[in-house]
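Structural overview
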Amino acid sequence: MKIRKATLADAKGIARVHVDSWIATYRNIVPDTYLDQLSYEAREQLWTENLKAENNFVAENDDREIIGFADGGKERTGKYAKLQGELYSIYILPEYQGKGIGRSLMKRVVQHLKANGQNSMLVWVLEENPSRAFYEKMGGKEVDRKTLTVSGKVLTEIAYGWADIDQLKTDLR
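Nothing here was measured: the structure is a model prediction, and the numbers come from that model. (Residues numbered from 1 in each chain as written. Predicted model: local features only at pLDDT ≥ 70, side-chain atom pairs only at ≥ 80, totals over all residues. Heavy atoms only, no water.)

A word on the overall build of the protein
The test is simple: Note on conventions: DSSP H or I runs of at least 4 residues are helices, E runs of at least 2 residues are strands, and numbering of each starts at the N terminus. Relative accessible area decides the class of each residue, using a 1.4 Å probe on protein chains only: under 20% of the type maximum gives buried, over 50% gives exposed, and in between gives partly exposed.
A tally of helices and strands in the protein yields five helices and seven strands. When the elements of the protein are put in sequence order from the N terminus, they spell out β-α-α-α-β-β-β-α-β-α-β-β. Seen through its principal axes, the protein has C-alpha atoms that stretch 40 × 40 × 30 Å. A buried classification covers 47% of the 173 residues belonging to the protein.

Quick look at the structure:
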């Protein structure tokens, strides 16, 4: 497994991970009407744009296939003065979860944030997402909640924060 900075050529692989992990993770949480309309093509277009920010990282398996990705940068709302950075997204194909790839991707995002003078971070995660325990194990503390509506269903998102990203617990076994 290898973690590296993403390139524009990775848009297709990232799109596949994005769609497949959304469907696997959010089935029975997000309405099927939303999940069933996700497409590799639309996500590839989205990631072709997102990759221009150069704040994206991918995980590859031994066959050089993208199996996960993460991105992060400046906290987007400006509402959290003590939390300068944000982990925008992190997704790993289900068959590769629980193998330390998430921790490795988080480390790369944290390095990116620190290199840009951001020494604290938050991440938003759906309350019903079973992977939210990952952020708690990494030392994230709940700092806020908000609701959003997806295909008519009201969902709750939780923001986890790290006041000092040097305290992020990435060495868990």
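Regarding the packing of helix α1 (residues 11–26) against helix α3 (residues 40–50)
To be explicit about the condition: Note on definitions: angles span 0 to 180 degrees between N-to-C directions of axes, and those axes are lines fitted to C-alpha atoms, for helices only across the stretch in contact. Oblique is the label for any angle not under 35 degrees, not over 145, and not in the 65 to 115 range, which are roughly parallel, roughly antiparallel and roughly perpendicular in turn. Handedness of a helix crossing follows the sense of rotation of the near helix relative to the far helix, less than a right angle counterclockwise being left-handed and clockwise being right-handed. The criterion used for residue contact is that any of the two residues' heavy atoms lie within 4.5 Å. For this classification, Asp, Glu, Lys and Arg are treated as charged, while Ala, Val, Leu, Ile, Met, Phe, Trp, Tyr, Cys and Pro are nonpolar and the rest, including Gly, are polar.
At a closest axis distance of 8 Å, the pairing of α1 and α3 adopts a crossing angle of 125°. When the axes of α1 and α3 are compared, the pair comes out oblique. Relative to α3, α1 is oriented so that their crossing is right-handed. Side by side, α1 and α3 meet where A11, K12, I14, A15, R16, H18, V19 and D20 of the first sit next to Y40, R43, E44, L46, W47 and T48 of the second. By residue class, the composition of the contact of α1 with α3 is seven nonpolar, two polar and five charged.

Quick notes on the packing of aromatic side chains
Describing an aromatic ring pair means giving the distance of the ring centres and the angle of the ring planes. Basically, it comes down to this: Pairs were defined over the aromatic rings of Phe, Tyr and Trp, the Trp ring being its six-membered one, requiring ring centres within 6.5 Å. Orientation was assigned from the angle between planes: stacked under 30 degrees, edge-to-face over 60, tilted for the rest. The rule is short: NZ of Lys or CZ of Arg within 6 Å of the ring centre and within 35 degrees of the ring normal puts a charge over the ring.
What the rule picks out here adds up to seven aromatic pairs. Summarising the aromatic geometry, the rings of F69 and Y91 are spaced 5.6 Å apart at their centres and angled 45° between planes, so their arrangement reads as tilted. Of the two residues, F69 is situated in strand β3 (residues 66–74) and Y91 in strand β4 (residues 85–92); the sequence distance between them amounts to 22 residues. Measuring from ring centre to ring centre gives 5.2 Å for F134 and Y135, while their planes differ by 75°; the resulting arrangement is edge-to-face. By relative accessible area, F134 is classed as partly exposed at 24%. Three or more aromatic residues joined by ring pairs make a cluster, and in this case those are W22, Y26 and Y34. Seen from the ring of W124, K146 lies directly overhead, with NZ or CZ sitting 4.3 Å from the centre.

Examining the sheet that holds strand β5 (residues 121–126)
Counted only if it meets this: Between any two strands, at least two bridges found by DSSP are needed for them to pair.
Read from one edge of the open sheet, seven strands run β1-β2-β3-β4-β5-β7-β6, paired in mixed fashion. The outermost strands of the open sheet, each flanked by one partner alone, are β1 (2–5) and β6 (141–150). Sheet twist, expressed as the mean angle between neighbouring strand axes with direction ignored, is 25°. Alignment of β5 against strand β7 (residues 153–162), held across six bridges, turns out to be antiparallel. Considered in β7, the bridge of M121 is made with W162. Contacting β2 (56–60), β3, β4 and β5, α1 runs over the sheet at an angle of about 95° to β3.

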